[in-house]
Amino acid sequence: MYGQKIKDLRTENNLRQEDLASMLNVSQSTIGKYENEQLEPNITTLKKLADIFLCSIDYLVGRESEDAVIVIDSASMQNERELTLIKTFRKLPTKKQEKAQGYIEGLLED
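Model, not experiment: these values are computed from the prediction.

Trainee: What exactly am I supposed to notice about helix H1 (residues 2-12) here?
Mentor: Side chains of residues three or four places apart in an α-helix project in the same direction, reflecting 3.6 residues per turn. Among all positions of H1, only Tyr2, Gly3, Lys5, Ile6, Leu9 and Arg10 are buried. The buried side chains of H1 occupy one side of the element, clustering within an arc of 165° when seen end-on. Buried-residue contacts for H1 involve helix H2 (17-24), helix H3 (28-35), helix H4 (43-53) and helix H5 (57-60). Positive phi shows up at Asn14, right after H1, with a value of about 55°.

Trainee: Would you take a moment to explain the packing of H2 against H3 for this structure?
Mentor: For any two helices packed against each other, the geometry is given by the interaxial angle and the distance between the axes. The geometry of H2 relative to H3 is characterised by a closest axis approach of 8 Å and an angle of 105° between their N-to-C directions. Here H3 runs roughly perpendicular to H2, going by the angle between their axes. Mapping the contact onto sequence places Gln17, Glu18, Leu20, Ala21 and Leu24 in H2 and Gln28, Ile31, Gly32 and Glu35 in H3. By residue class, the composition of the contact of H2 with H3 is 4 nonpolar, 3 polar and 2 charged.

Trainee: Where do I start with H4 in this structure?
Mentor: Three or more residues of H4 are buried, namely Thr45, Leu46, Leu49, Ala50, Ile52 and Phe53. For H4, the buried positions fall inside an angular range of 165° around the axis, keeping them on one side. Its side-chain oxygen 3.1 Å from the backbone nitrogen of Thr44, Asn42 forms the N-cap of H4. Phi turns positive one or two residues past the end of H4, at Leu54, with a value near 55°.

Trainee: Whenever I open this one, the side chain of Glu35 confuses me. Can you help?
Mentor: Inspection of the secondary structure assignment puts Glu35 in helix H3. Of the polar contacts made by the side chain of Glu35, one reaches the side chain of Gln17; its length is 2.9 Å. Setting aside its immediate chain neighbours within four residues, Glu35 contacts Gly3, Gln4, Ile6, Lys7, Arg10 and Gln17.

Trainee: When you look at the environment of Thr30 in this model, what are you seeing that I'm missing?
Mentor: With respect to the secondary-structure elements, Thr30 resides in helix H3. Residue classification places Thr30 among the buried positions, given a relative accessible area of 16%. Taking the C-alpha atoms as reference, Thr30 lies 9.6 Å from Glu40; in sequence the two are 10 residues apart.

Trainee: Just checking my understanding: could you explain unusual backbone geometry for this structure?
Mentor: Negative phi values dominate among residues other than glycine, just as trans dominates among peptide bonds. Even without being glycine, Asn25 reaches a positive phi, approximately 60°. On the secondary structure map, Asn25 appears in the loop between H2 and H3. The class of Asn25 is exposed, set by a relative accessible area of 59%.

Reading guide: rules and limits
Within each chain, residue numbers correspond to sequence positions counted from 1 in written order. For this predicted model, a pLDDT threshold of at least 70 governs which residues receive local features, and a threshold of 80 or more governs which side-chain atom pairs are given and counted, while totals over whole chains, interfaces and linings are taken from all residues. Values reported for side chains reflect all heavy atoms of the structure, with hydrogen atoms and water molecules removed beforehand. Partly exposed describes any residue whose relative accessible area lies between the buried limit of under 20% and the exposed limit of over 50%, with all areas from a 1.4 Å probe on protein chains only and scaled to the type maximum. The helix and strand labels rest on DSSP assignments: H or I over at least four residues marks a helix, E over at least two residues marks a strand, and numbering proceeds from the N terminus. This arc corresponds to the set of directions leading from the helix axis out to the C-beta atoms. When checking whether two residues touch, look at their non-hydrogen atoms; a contact exists if any pair is within 4.5 Å. Note on method: axes are straight lines fitted to C-alpha atoms, helices fitted across the in-contact stretch only, with angles between N-to-C directions ranging 0 to 180 degrees. Oblique is the label for every angle not falling under 35 degrees (roughly parallel), over 145 degrees (roughly antiparallel), or within 65 to 115 degrees (roughly perpendicular). Three categories are distinguished: nonpolar for Ala, Val, Leu, Ile, Met, Phe, Trp, Tyr, Cys and Pro, charged for Asp, Glu, Lys and Arg, and polar for the others, with Gly belonging to the last. Identification of polar contacts relies on pairs of N or O atoms within 3.5 Å, with a donor-acceptor requirement for protein atoms, meaning one able to donate a hydrogen and the other able to accept it, and with residues adjacent in sequence counted only if both atoms are side-chain atoms.

None of this, on its own, says anything about what the molecule does.
Pasting the structure below:
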């Protein structure tokens, strides 16, 4: 069940296997094995997947419904732009996240 969820979330977020592999620091073939359930992601990988896709680990492993996919409390969001920014940021590979964070922190100094 986790394999189909990973694949569905990846495609819904317009990510290729290569993109997700880069974000997780694994090979594309590893993503394929997750999606085909030939390999189970470890807990560290599940945590990263949950962060990337804004869902719970329980959702990824089939213990929660699709309603649990967005775990950010929308009441805490300032506006739709903030939610979009967070979703976009989480799709970036780690190196680009660091670059984006540096840029944003630089904007605060102006």
